[in-house]
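So the chains spell out like this:
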2 protein chains.
Amino acid sequence: MYGQIRIEHNLSCKAKPRFEEDLGFGRHFTDHMFMMDFEEGKGWHDPRIIPYGPISHDPSAMVFHYGQAVFEGLKAFRTEKDEIVLFRPDQNAQRLNRSSDRLQMPQMDEEFVVDAIRTLVRLDADWVPRKKGSSLYIRPFVIATEAGLGVRASSRYSFVIIMSPVGAYYEEGLQPINILVESHYARAVQGGTGSAKTAGNYAATLKAQALAKEHNCAQVLWLDAIEKTYIEEAGSMNVFFKINGEVVTPNLSGSILDGITRKSIIHLMKEWGIPVTERKISIDDIVQAYENGTLEEAFGTGTAAVVSPIGSLLWNGTPMVINQGNIGDLVRRLYDTITGIQYGGIEDSYGWTISC
Amino acid sequence: MYGQIRIEHNLSCKAKPRFEEDLGFGRHFTDHMFMMDFEEGKGWHDPRIIPYGPISHDPSAMVFHYGQAVFEGLKAFRTEKDEIVLFRPDQNAQRLNRSSDRLQMPQMDEEFVVDAIRTLVRLDADWVPRKKGSSLYIRPFVIATEAGLGVRASSRYSFVIIMSPVGAYYEEGLQPINILVESHYARAVQGGTGSAKTAGNYAATLKAQALAKEHNCAQVLWLDAIEKTYIEEAGSMNVFFKINGEVVTPNLSGSILDGITRKSIIHLMKEWGIPVTERKISIDDIVQAYENGTLEEAFGTGTAAVVSPIGSLLWNGTPMVINQGNIGDLVRRLYDTITGIQYGGIEDSYGWTISC
Ligand SMILES: Cc1ncc(COP(=O)(O)O)c(C=O)c1O
Ligand SMILES: Cc1ncc(COP(=O)(O)O)c(C=O)c1O
């Protein structure tokens, strides 16, 4: 498929950052990157691993003008037995194809994508941190590279994979976050690109994100763009609410991302016998549950932090403090289970981890 | 402002394409380009004109991942008196700032932007075609260049201007086009980025654009994303309808682009005493006018073609043929007037043309 991956070793490897210290997120990059090109008529070709370094494009390259750009985010973990594993990379490869389809970009063989990731991780294995909570963040992305103006699908693309050692999202363990419920700006709408992981979706959120910061909130919780009533997702997390013993999360309406963490924890909760429903949830449902004391927990899910307890929701200028701002039992159990599976402390009976 | 523009001449200029032949759009680029960089704390700096050529970025540069990218499109014309003029470049500079603001990108001094464009055009003046209908298309754009992952506004940007000699949009003179009225996909929604000229908006339209092609239509006419009822704009044009002697165009609702051609022809029509109204227009209004025989003309407006007569609208599988597929008197008059002003055949009493 697409030919053998050619490897050009980096002969002047960088000094690694001190993995014990705060690595942050996406600040350091490993020694190598994967690249492969697409050209109409020729398809994907020339898969290669080369030294990490700048990529060069004609200034008329379409990605700069018309925004055909999709990406993924997943992690490699160093387990307690010193193995390196990926968490559900097949799901990322699938979603990358779904995103590409929405943006009129070419499909890729999903097994090849997983294989490319594994090959790259193996080569830069020394970059996978040892410290629990740390990991190697992997960013596959595809961009339109045809030189030429005019709104149309590009005839050329590059698929690139870069990797960054990242620290624990919560250095001090799980920490509840504040979230601003946004009703002025919109992130996505049915028929738009909300369910694709495409660059433009993120640029569209920055103004609201700045508002959130002003209100001392970590992220925005989006409401649907049409009725400004139904909960969608947070900046880079899907969201869950535990109300009176039942867990609810917005259904995949077409305007939110089909999160892999979301999917995984729904699976776990079902197995645990916790009632979980994917449905439309209005902000009024949440306010009501809050007011009558049945809103027990709220949390976000995503690759970056796995789960993030929501300590308070700021809606219409009033904060709703959830579970007295404490970390709930459910979110704790989910966190321990998923990270347990990722770092090997808990046996993976789901086939979610793939060794490199 | 930002310092003197440094000029590095291209010592190995390209052979120019034959301007008499079909130049197409955005296929050839001139010998030079303008660049200027932004860095937080330092602001915009190092304005320079350099030989046209590739630009290089870290693969983690934010534009590839989070889509902060805005652009403009305007033209330089060679007049009958062999002067070179720009059409309302101040408007493009203003809109660039508005787009940047929506995407949390830094503002630029608008006079400086116009000055940069003029300086670049003067340097590559030989690239402005002589043939009536041809012009030099100018593409200013700003992209996020900070190296690093994590959804946030970039701390670094590049502002680039590239230029392409382009042929007449309609080689054979005005030609009516077919348009597909789209109700499945959405381009933008209130609270989103529809009124900004940002890259992601265009990627979002490609799938519908492909559908249009399948139906032998040149572009899509978007309906509002909420009620799928109100007309928004076409792929890269604002739209106008002449119904029973009155001209109507969708009002600037927040989800469409504030087109400079739109603004200019509204101005002209008002001056000519033609009633013109900016308001909500439902697709049903159009169907009704079509059915009762009062839909006299329909056309799109944009920098690329100035005006494009709409020969037919394909809605729900049925084509509505407008004005028997002929070019209307109004669209012809508007075309002749605007191109007359641009090429100098008609005196510019509006101050719209700026010489280089
Ligand atoms: C918009 C958005 N929603 C949800 C998620 C969570 O998805 P996942 O669990 O696959 O990381 C992410 C982050 O990846 C995201 O960017
Ligand atoms: C989405 C969209 N609408 C409308 C227009 C027309 O705007 P203008 O007349 O300023 O070229 C354009 C093209 O520039 C466009 O891209």
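Residues numbered from 1 in each chain as written. Chains lettered and ligands numbered in written order. Predicted model: local features only at pLDDT ≥ 70, side-chain atom pairs only at ≥ 80, totals over all residues. Heavy atoms only, no water.

1. A few points about the environment of I338 of chain A
All names here are of chain A.
No. 1: As for its placement among the helices and strands, I338 is situated in helix α8 (residues 329-343).
No. 2: Spatially, the C-alpha atoms of I338 and S236 are 18 Å apart, while their sequence positions differ by 102 residues.
No. 3: Beyond its immediate chain neighbours, meaning those up to four positions away, I338 contacts F87, S264, I265, L268, V306 and W352. (Helix = DSSP H or I, 4+ residues; strand = E, 2+ residues; numbered from the N terminus. Contact = heavy atoms within 4.5 Å.)

2. Details of the packing of helix α6 (residues 260-271) of chain A against α8 of chain A
When two helices pack together, their arrangement is given by the angle between the helix axes and by the axis-to-axis distance.
Residue and element names in this part refer to chain A.
No. 1: Following both chains from N to C, one finds α6 and α8 inclined at 110°, their axes separated by 11 Å at the closest point. The angle between the axes of α6 and α8 places the two elements in the roughly perpendicular class. Where α6 abuts α8, its residues S264, I265, L268 and M269 lie against L330, L334, T337 and I338. (Axes fitted to C-alpha atoms, helices over the stretch in contact; angles between N-to-C directions. Parallel < 35°, antiparallel > 145°, perpendicular 65-115°, else oblique.)

3. Some details on the packing of aromatic side chains
How two aromatic rings sit relative to each other is set out by the distance from centre to centre and by the angle between their planes.
No. 1: Enumeration according to the criterion identifies 33 aromatic pairs over all chains in this entry.
No. 2: Between Y2 of chain A and F112 of chain A, the ring centres sit 4.9 Å apart and the planes meet at 80°, which makes this aromatic pair edge-to-face. In this pair, Y2 of chain A is assigned in the segment before β1 (6-7) and F112 of chain A in helix α3 (residues 110-123), connecting sequence segments 110 residues apart.
No. 3: Ring centres of W44 of chain B and F159 of chain B lie 6.4 Å apart, and the angle between their planes is 70°; this geometry places the pair in the edge-to-face category. On the criterion of sequence distance, the pair formed by W44 of chain B in strand β3 (residues 43-51) and F159 of chain B in strand β9 (residues 156-166) is long-range, its members being 115 residues apart. Each member of the pair W44 of chain B and F159 of chain B is classed as buried.
No. 4: Its end group placed over the ring of Y230 of chain B, K280 of chain B keeps NZ or CZ at 4.4 Å from the ring centre. (Phe/Tyr/Trp six-rings, centres within 6.5 Å; stacked < 30°, edge-to-face > 60°. Buried < 20%, exposed > 50% of the residue type's maximum accessible area, 1.4 Å probe, protein only. Lys NZ or Arg CZ within 6 Å of the ring centre and 35° of its normal.)

4. Focus: the domain arrangement of chain A
Residues and elements named next belong to chain A.
No. 1: Domain assignment breaks chain A into domain 1 (6-166) and domain 2 (177-343).
No. 2: Residue-level contacts link 26 residues of domain 1 with 20 residues of domain 2.
No. 3: Summed over both sides, the interface of domain 1 with domain 2 buries roughly 2100 Å², with 58% coming from carbon and sulfur.
No. 4: It is F71, F87 and R95 that lose the most area in domain 1 upon contact with domain 2, and together they represent 29% of the buried surface on that side. (Domains from an automatic or database assignment. Buried area = accessible area lost by both parts, 1.4 Å probe.)

5. Points about the pattern of salt bridges
All names here are of chain A.
No. 1: On inspection of all chains with the given rule, the structure shows 30 salt bridges over all chains.
No. 2: With a closest N to O distance of 2.9 Å, E233 and R187 form a salt bridge. Here the residue E233 occupies a position in strand β12 (residues 231-234), and R187 occupies one in the loop between β10 (177-182) and α4 (199-203), the gap between them amounting to 46 residues.
No. 3: Exposure remark for R187: the relative accessible area of 10% places this residue in the buried category.
No. 4: Through salt bridges with shared partners, a single network forms among R6, D37, D46 and R48. (Salt bridge = Lys/Arg side-chain N within 4 Å of Asp/Glu carboxyl O.)

6. Concerning the interface of chain B and chain A
No. 1: In this complex, chain B contributes 57 residues to the contact, which on the side of chain A involves 57 residues.
No. 2: A buried area of about 4600 Å², summed over both sides, lies between chain B and chain A, and 66% of it is on carbon and sulfur atoms.
No. 3: D101 of chain B is the salt-bridge partner of K207 of chain A, the closest N and O atoms lying 3.1 Å from each other.
No. 4: At the level of elements, β4 (55-57), α1 (62-66), β5 (69-71), α2 (89-102), β8 (135-144), β9, α4 (199-203) and α5 (206-214) of chain B are the ones that each hand at least two residues to the side of chain B that touches chain A.
No. 5: Looking at side-chain class alone, the side of chain B that touches chain A contains 32 nonpolar, 18 polar and 7 charged residues.
No. 6: When strand β4 (residues 55-57) of chain A meets β4 of chain B, the two strands line up antiparallel, connected through 3 bridges. Among the inter-strand pairings, H57 of chain A is bridged to a residue of β4 of chain B, identified as I55 of chain B. (Nonpolar A, V, L, I, M, F, W, Y, C, P; charged D, E, K, R; others polar. Pairing = 2+ DSSP bridges.)

7. Observations regarding the site of ligand 2
Residues and elements named next belong to chain B.
No. 1: Near ligand 2 you find 16 residues, and of these Y202, E233, I260, T261 and T303 are the closest.
No. 2: Within the side chain of E233, an N or O atom sits 2.6 Å from a nitrogen atom of ligand 2.
No. 3: Between ligand 2 and the protein, one listed contact pairs an oxygen atom with a side-chain N or O atom of T303 at 2.6 Å.
No. 4: In isolation ligand 2 offers 380 Å² of accessible surface; the protein chains occlude 96% of this area.
No. 5: Going through the elements one at a time, α6 (260-271) and β16 (295-302) are the ones with two or more residues in the shell around ligand 2. (Near = heavy atom within 4 Å. Polar contact = N/O pair within 3.5 Å; in protein donor to acceptor, adjacent residues only side chain to side chain. Areas by Shrake-Rupley, 256 points an atom, 1.4 Å probe, with all protein chains shown as cover.)

8. Re the side chain of T198 of chain A
Residues and elements named next belong to chain A.
No. 1: As for its position among the elements, T198 is in the loop between β10 and α4.
No. 2: Its relative accessible area of 3% is what places T198 among the buried residues.
No. 3: Those residues in contact with T198 that sit more than four places away from it in its chain are G67, A69, V70, F71, L103 and T193.

9. Thoughts on the relation of the copies chain B and chain A
No. 1: If you rotate chain B by 180° and push it 0.0 Å along the axis, it lands on chain A with an RMSD of 0.0 Å. What the superposition gives is, in effect, a two-fold axis relating one chain to the other. (Least-squares fit on C-alpha atoms with pLDDT ≥ 70 in both.)

10. Comments concerning the packing of α2 of chain B against helix α3 (residues 110-123) of chain B
Residue and element names in this part refer to chain B.
No. 1: The contact between α2 and α3 brings their axes to 9 Å, and the two run at 125°. Classified by the interaxial angle, the pair formed by α2 and α3 is oblique. For the pair α2 and α3, the sense of crossing is right-handed. For the pair α2 and α3, the contacting residues are P89, D90, A93, Q94 and N97 in the first and E110, V113 and V114 in the second.
No. 2: In the contact of α2 with α3, the residues fall into 4 nonpolar, 2 polar and 2 charged. (Left-handed = near helix turned anticlockwise from the far one by under 90°.)

11. Some thoughts on the pairing of strand β14 (residues 246-250) of chain B
Residue and element names in this part refer to chain B.
No. 1: Where burial is concerned, most of β14 is hidden: 4 out of the 5 residues are buried.
No. 2: Examined bridge by bridge, strand β13 (residues 238-243) and β14 share 3 bridges and lie antiparallel to one another. Across the sheet, I243 pairs through a bridge with E246, a residue of β14.
No. 3: In this antiparallel pair of consecutive strands, β13 and β14, the connection spans 2 residues, and N244 shows a positive phi of 55°.
No. 4: Across 4 bridges, β14 lies against strand β15 (residues 276-279) in parallel orientation. Residue V248 lies in a different strand from β15, and its bridge partner there is T277.
No. 5: Following the backbone out of β14, through α6 and into the adjacent parallel β15, one traces a crossover that is right-handed. (Right-handed = clockwise from strand over helix to strand, strands pointing away.)

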